[in-house]
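Notes for the structure review
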Amino acid sequence: MADLKLLFDDIVGLEIRLWEVMDARLRAAGELSLGRLMPMRVIAATPGCRVFDVAAQLQITVGAASKTVDRVEAAGHCLRRPNPDDRRSSLIELTPAGVAALAAAEVVFEDEVQVRLGAVLSPAELAELSRLVAKVRDAAR
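Since this is a predicted model, take the numbers as computed values, not measurements. (Residues numbered from 1 in each chain as written. Predicted model: local features only at pLDDT ≥ 70, side-chain atom pairs only at ≥ 80, totals over all residues. Heavy atoms only, no water.)

1. Let's talk about the packing of helix H3 (residues 51–58) against helix H4 (residues 62–74)
The geometry of H3 relative to H4 is characterised by a closest axis approach of 8 Å and an angle of 110° between their N-to-C directions. In terms of orientation, H3 lies roughly perpendicular with respect to H4. The chirality of how H3 crosses H4 is right-handed. On the side of H3, the interface is formed by Val51, Phe52, Val54 and Ala55, while H4 contributes Val62, Ala65, Ser66 and Val69. Its residues assigned to classes, the contact of H3 with H4 shows seven nonpolar, one polar and no charged. (Axes fitted to C-alpha atoms, helices over the stretch in contact; angles between N-to-C directions. Helix = DSSP H or I, 4+ residues; strand = E, 2+ residues; numbered from the N terminus. Parallel < 35°, antiparallel > 145°, perpendicular 65-115°, else oblique. Left-handed = near helix turned anticlockwise from the far one by under 90°. Contact = heavy atoms within 4.5 Å. Nonpolar A, V, L, I, M, F, W, Y, C, P; charged D, E, K, R; others polar.)

Laid out in C-alpha cells, this is it:
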C-alpha cells in the first residue's frame, strides 16, 4: 500500500514545482506571470465572466479572485463593467491589450506544458493521469 502522506507531499511538491517552472518560463519570455495568466484564461473562456467564475475555476476564494482580477485590471489587461442582470456583480472582459498578452503567453504556456507533461508521459498515461486527478479533485470538493 502506498504511503499516503508521502503521496500527498509528492502531489503538493509537484504542483509547486510546475508552478515555479511555468512562472519562470513565462517571465523569462517577457510574458505574463502565471498568476495573471490563469485568471485571464478563465476570463477569455467564460462569456459573461464574473469574479465568482474566476474563483470557481481556479478553486480560490472570491476575495482572492477579486484581488487577482484587480491586478489584471491594473495592468490594463481586463475591465469590469456593470452586470445588467445583477447590480451586485460586474462582468469582466479582456481588453485588446489583454487579448494580445494572453495570446503571446499561451504560446509559451503550451510549449512548457508539452515539455513538462506531454514529453514525459504517453497519451495513455496522460489520459489516466487526467482521470485520476479529476477523481481525487472531485472527491476533495
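2. Examining the side chain of Thr95
Of note, Thr95 is situated in the loop between strand S2 (90–94) and helix H5 (96–118). Setting aside residues up to four positions removed in sequence, Thr95 forms contacts with Gly76, His77, Cys78 and Leu79.

3. Describing unusual backbone geometry
Notably, Gln59 is not glycine yet its phi reads approximately 55°, a positive angle. Inspection of the secondary structure assignment puts Gln59 in the loop between H3 and H4.

4. As for H4
Taking 1.5 Å of rise per residue, the 13 residues of H4 would be expected to cover 18 Å, and the 18 Å separating its terminal C-alpha atoms lies within 8% of that figure. The complete set of buried residues in H4 reads Ala65, Thr68, Val69 and Val72. All buried residues of H4 fall inside an arc of 100° around its axis, so they share one side. Of the residues in H4, the exposed ones pointing more than 90 degrees away from the buried face are Lys67 and Ala74. For H4, the elements touching its buried residues are helix H2 (34–45), H3, strand S1 (78–82) and S2. Looking one or two residues beyond H4, the residue adopting positive phi is Gly76, at roughly 85°. (Expected span 1.5 Å × (residues − 1). Buried < 20%, exposed > 50% of the residue type's maximum accessible area, 1.4 Å probe, protein only. Arc of directions from axis to C-beta.)

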